Amino acid sequence: MLAVWMLAVSVFSRNLPDEMVARILGVMGLVCIGFLLFMLTTSNPFDRLLPAAADGRDLNPLLQDPGMVFHPPMLYMGYVGFSVAFAFAIAALLDGRLDATWARWSRPWTTAAWFFMTLGIALGSFWAYYELGWGGWWFWDPVENASFMPWLIGTALIHSLAVTEKRGSFKVWTVFLAIFAFALSLLGTFLVRSGVLTSVHAFATDPRRGIFILAFLAVVVGGSLALFAWRAPRIGLGGRFALVSREALLLTNNAILVTAAGAVMLGTLYPLILDALGLGKISVGPPYFETVFVPLMAPALFLMGVGPIARWREASVPELAERLKWALAVSVVAAIAVPFVMGQWSAMKSFGLLLAFWIFASSAAGARGKLRTMTRAQLGMLIAHAGMGVFVVGVAMVKGYEVDQDLKMEPGDTSTIGGYTFRFDNVGERNGPNYVAARGTVTVMRGGATVATLHPEKRLYKVQNMPMTEAAIDSGLTRDLYVSLGEQVGERAWTVRIYHKPFVSWIWGGCVIMALGGLLAASDRRYRMATRRQETPEPGAGAAAGQGSR
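Residues numbered from 1 in each chain as written. Predicted model: local features only at pLDDT ≥ 70, side-chain atom pairs only at ≥ 80, totals over all residues. Heavy atoms only, no water.

**Q** So what's going on with the overall build of the chain? Residues and values would help.
**A** Scanning the chain for helices and strands turns up 13 helices and 10 strands. In terms of C-alpha radius of gyration, the chain reaches 26 Å, essentially the compact-globule figure of 24 Å for 550 residues. The principal-axis extents of the C-alpha atoms in the chain amount to approximately 80 × 70 × 45 Å. In the chain, which comprises 550 residues, the share counted as buried stands at 53%. Total accessible area on the chain stands at roughly 25,300 Å², and carbon and sulfur atoms take up 65% of it. The averaged location of the 35 negative side-chain charges in the chain is 11 Å from the averaged location of its 46 positive side-chain charges. (Helix = DSSP H or I, 4+ residues; strand = E, 2+ residues; numbered from the N terminus. Rg over C-alpha atoms; globule rule 2.2 N^0.38 Å. Buried < 20%, exposed > 50% of the residue type's maximum accessible area, 1.4 Å probe, protein only. Areas by Shrake-Rupley, 256 points an atom, 1.4 Å probe, with all protein chains shown as cover. Lys, Arg positive; Asp, Glu negative; His and termini not counted. Charge placed at Lys NZ, Arg CZ, Asp CG, Glu CD.)

Right, here's the structure in full:
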């Protein structure tokens, strides 16, 4: 994948100065050498196994799923893609020139890596939802966090590059974000490949691999920061801006994203550090992450609506209030009304929906009358923000209105949740290619009419003698009906878990919309034009963050 990224850079960077392209490819080549040495010294694919195994141990049953064909490649394209942003930053430091031109060259590659990362995380979340059988879509697993941290830093980097391109500001900040986005990608590799974690995502338990990756991480980060310290005096500070301006709002949002990434890193690594130091074993789970992460994200989502409307250099608070008053009014009314329509109101449910509707309404206010004249980068930003709004709706509705029951059911038993009646009909046996399964039949009815017939399974994979729960799901635009089959607890009785999950599909739909917005922004033709000189932006220009210096 790293070689594919290098090939893409060499093909699509023909309009860049040859010296710059050579430095970029040189940095990526050094990274490639590091990974090749890692494979040859700790994971040599040419090692022989003599005598050869008569039969394999079978793939982990959790991974015997078509989703595994798409999720890991997408995620690793994102991981490795951040090496391009890193290479651009190091090449610019070597050249001693961090300016708007460098930011313009780097933006599409960073956005492309972010696109793959977003899709990869969404696919992993969806896989966990339907494959693990417990109905969750995010569990703050350490390996999930390992991909989420570079995504947060990559999101901050995209916005920081926009300011550097448009106003020449945030140069130091942008370089740091580029370095640490790739460093966190290496950290994710360490967590997965070192054996320090026990996770459905982790594999390869040889400690030598972890030591090598840690050493490689130290060389990459240490060398990059040393180069930065050497070149820092030549960077400059960039344009000035007022306390209320688009730059200030984007900087605040970036600070929140970096703080959130730090909070996730603390919760992920703290138990590992305590264990390594022999100070005991602790578990940091969803309560910590939700308590810390959600309050950080609320102001970030609010600023998402204000930032694209504010002017560069200096904005007027009364002007912002005038442009956004109707967006705020619509958001408040909708956030109060929707919970009443759903039949249950609470402050937290209403607040989550308020943030989602605020993103929709403020984006619409900012785009009013400008859609036809928007560049692809601007339109991509608008779509990505709308995707975040869709995602927040899904999270707020699932967290607020999900209903589940754990039941002991015999054939003919029924249970009603969310207006749907689930009837447990029977359990039969089924032989799969490498497993045997108890296959249940559950009929779902509403108003006397059959809505769906679901077939959850309890499988036993023969080679590893490993039981697996295969959930059955009836998906819809506004709800999912989810059934998983547990253990047999009598001659005819089984434990059954049923869920009614409103709007859960909006979580992954929002992620796909965000990714498509990023892809559209990365395809902006301005990034493919020859730009061999720094262009001076017009002071006080009020274009959106995705607009270049034209």
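More follows now that the structure is in view.
**Q** How would you explain the packing of aromatic side chains if you had to name every residue and give the values?
**A** Across all of its chains, the model carries 31 aromatic pairs by this definition. On the basis of an interplanar angle of 90° and a centroid distance of 6.0 Å, the ring pair of W5 and F116 is categorised as edge-to-face. Pair noted here: W5 is in helix α1 (residues 2-12) and F116 is in helix α4 (residues 100-131), with a separation of 111 residues, a long-range link. Comparing W5 with F116 shows no difference in burial state: the two are buried. Plain terms: the ring middles of F503 and W506 are 5.0 Å apart, the flat faces sit at 75° to each other, and that makes the pair edge-to-face. Under the relative-accessibility criterion, F503 is labelled buried at 16%. (Phe/Tyr/Trp six-rings, centres within 6.5 Å; stacked < 30°, edge-to-face > 60°.)

**Q** Provide a residue-level description of the pairing of strand β6 (residues 457-461), including the pertinent values.
**A** Most of β6 is tucked away: four of the five residues are buried. One ladder, built from five bridges, connects strand β4 (residues 435-446) with β6; its direction is antiparallel. What sits directly across from A438, in β6, is K458. Judged from the five bridges that link them, β6 and strand β7 (residues 466-470) form a sheet pairing that is antiparallel. Paired with L460 across the two strands is P467, which belongs to β7. Following β6, the chain reverses through four residues before pairing antiparallel with β7; N465 in that reversal takes a positive phi of roughly 50°. (Pairing = 2+ DSSP bridges.)

**Q** Provide a residue-level description of the side chain of T268, including the pertinent values.
**A** Structurally, the position occupied by T268 is in helix α8 (residues 246-276). Separated by 2.7 Å, the side chain of T268 and the backbone oxygen of V264 make a polar contact. Among residues more than four places away in sequence, those in contact with T268 are P142, N145, L191 and F289. (Polar contact = N/O pair within 3.5 Å; in protein donor to acceptor, adjacent residues only side chain to side chain. Contact = heavy atoms within 4.5 Å.)

**Q** Give a detailed account of the sheet that holds strand β1 (residues 403-409), specifying residues and quantitative values.
**A** Across the sheet, which stays open at both edges, the four strands sit in the order β1-β10-β9-β8 with antiparallel pairing between neighbours. Every other strand in the sheet has two partners, leaving β1 and β8 (472-475) as the edge strands with one partner each. On average, each strand axis in the sheet is inclined to that of its neighbour by 15°, with strand direction left out of account. In this structure, strand β9 (residues 479-488) lies alongside strand β10 (residues 494-502), joined through eight bridges in antiparallel fashion. Across the sheet, the residue bridging to D480 is K501, located in β10. (Axes fitted to C-alpha atoms, helices over the stretch in contact; angles between N-to-C directions.)

**Q** Tell me what's going on with unusual backbone geometry, and back it up with residues and numbers.
**A** Cis peptide bonds are those with omega within 30 degrees of zero, and the linkage from L50 to P51 qualifies with -5°. Structurally, P51 can be placed in the loop between α2 (18-42) and α3 (67-95). The backbone of W140 shows a phi angle near 55°, a positive value even though the residue is not glycine. Note that W140 resides in the loop between α4 and α5 (142-167).

**Q** Give a description of α4 that names residues and reports values.
**A** Taking 1.5 Å of rise per residue, the 32 residues of α4 would be expected to cover 46 Å, and the 46 Å separating its terminal C-alpha atoms lies within 8% of that figure. At S106, α4 is bent by approximately 30°, the largest bend along its length, and proline P108 sits one to four residues beyond. Where burial is concerned, most of α4 is hidden: 30 out of the 32 residues are buried. Positive phi appears at G133, one or two residues downstream of α4, with a value of about 85°. (Expected span 1.5 Å × (residues − 1). Bend = angle between axes of the 7 residues up to and from the residue.)

**Q** Describe in detail helix α10 (residues 317-342), supporting the description with residues and values.
**A** Between its first and last C-alpha, α10 extends 36 Å over 26 residues, near the 38 Å set by a 1.5 Å rise per residue. Along α10, the helix axis deviates most sharply at L324, where the bend reaches about 50°. Residues L320, L324, A327, S331, A335 and P339 constitute the buried set of α10. Buried-residue contacts for α10 involve α9 (286-306), α11 (347-367) and α12 (376-401). Positive backbone phi, at 95°, marks G343, one or two positions downstream of α10.

**Q** Residues and numbers for the side chain of D65, please.
**A** Tracing the chain through its elements places D65 in the loop between α2 and α3. Buried and without a salt bridge, D65 has R459 as its closest oppositely charged side chain, separated by 7.3 Å. Among all residues touching D65, those that are not within four sequence positions of it are W127, Y130 and E131. (Salt bridge = Lys/Arg side-chain N within 4 Å of Asp/Glu carboxyl O.)

**Q** Give a description of the packing of α9 against α12 that names residues and reports values.
**A** For the pair α9 and α12, the least separation of the axes is 12 Å and the interaxial angle reads 140°. With respect to α12, the element α9 is oriented oblique. Crossing geometry of α9 relative to α12 is assigned as left-handed. On α12, the residues that touch E290, L301 and M304 of α9 are H385, M388, V392 and K399. Broken down by class, the residue content of the contact of α9 with α12 amounts to four nonpolar, one polar and two charged. (Parallel < 35°, antiparallel > 145°, perpendicular 65-115°, else oblique. Left-handed = near helix turned anticlockwise from the far one by under 90°. Nonpolar A, V, L, I, M, F, W, Y, C, P; charged D, E, K, R; others polar.)

**Q** Requested: an account of the nonpolar core, with residues and values cited.
**A** W5, M28, F88 and W102 are the most contacted members of the largest nonpolar core, which has 134 residues in total. In terms of residue count, α4 provides more of this core than any other element does, 17 residues in total. (Core = buried A, V, L, I, M, F, W, Y, C linked by side-chain atoms within 4.5 Å.)

**Q** For the pattern of salt bridges, give the residues involved together with the corresponding values.
**A** Scanning the model with the defined rule gives 16 salt bridges in all. Across the pair D406 and R497 runs a salt bridge, and its minimum N-O distance is 2.4 Å. Of this pair, D406 sits in strand β1 while R497 sits in strand β10, and the two are 91 residues apart along the sequence. Measuring nitrogen to oxygen at the nearest pair gives 3.4 Å for the salt bridge that ties E487 to K458. Residue E487 is located in strand β9, and its partner K458 is located in strand β6; the two are separated by 29 residues in the primary sequence. Looking at E487, the relative accessible area reads 47%, which means it is partly exposed. A relative accessible area of 18% places K458 in the buried class. Through salt bridges with shared partners, a single network forms among R430, R439, E457, R459 and E470.

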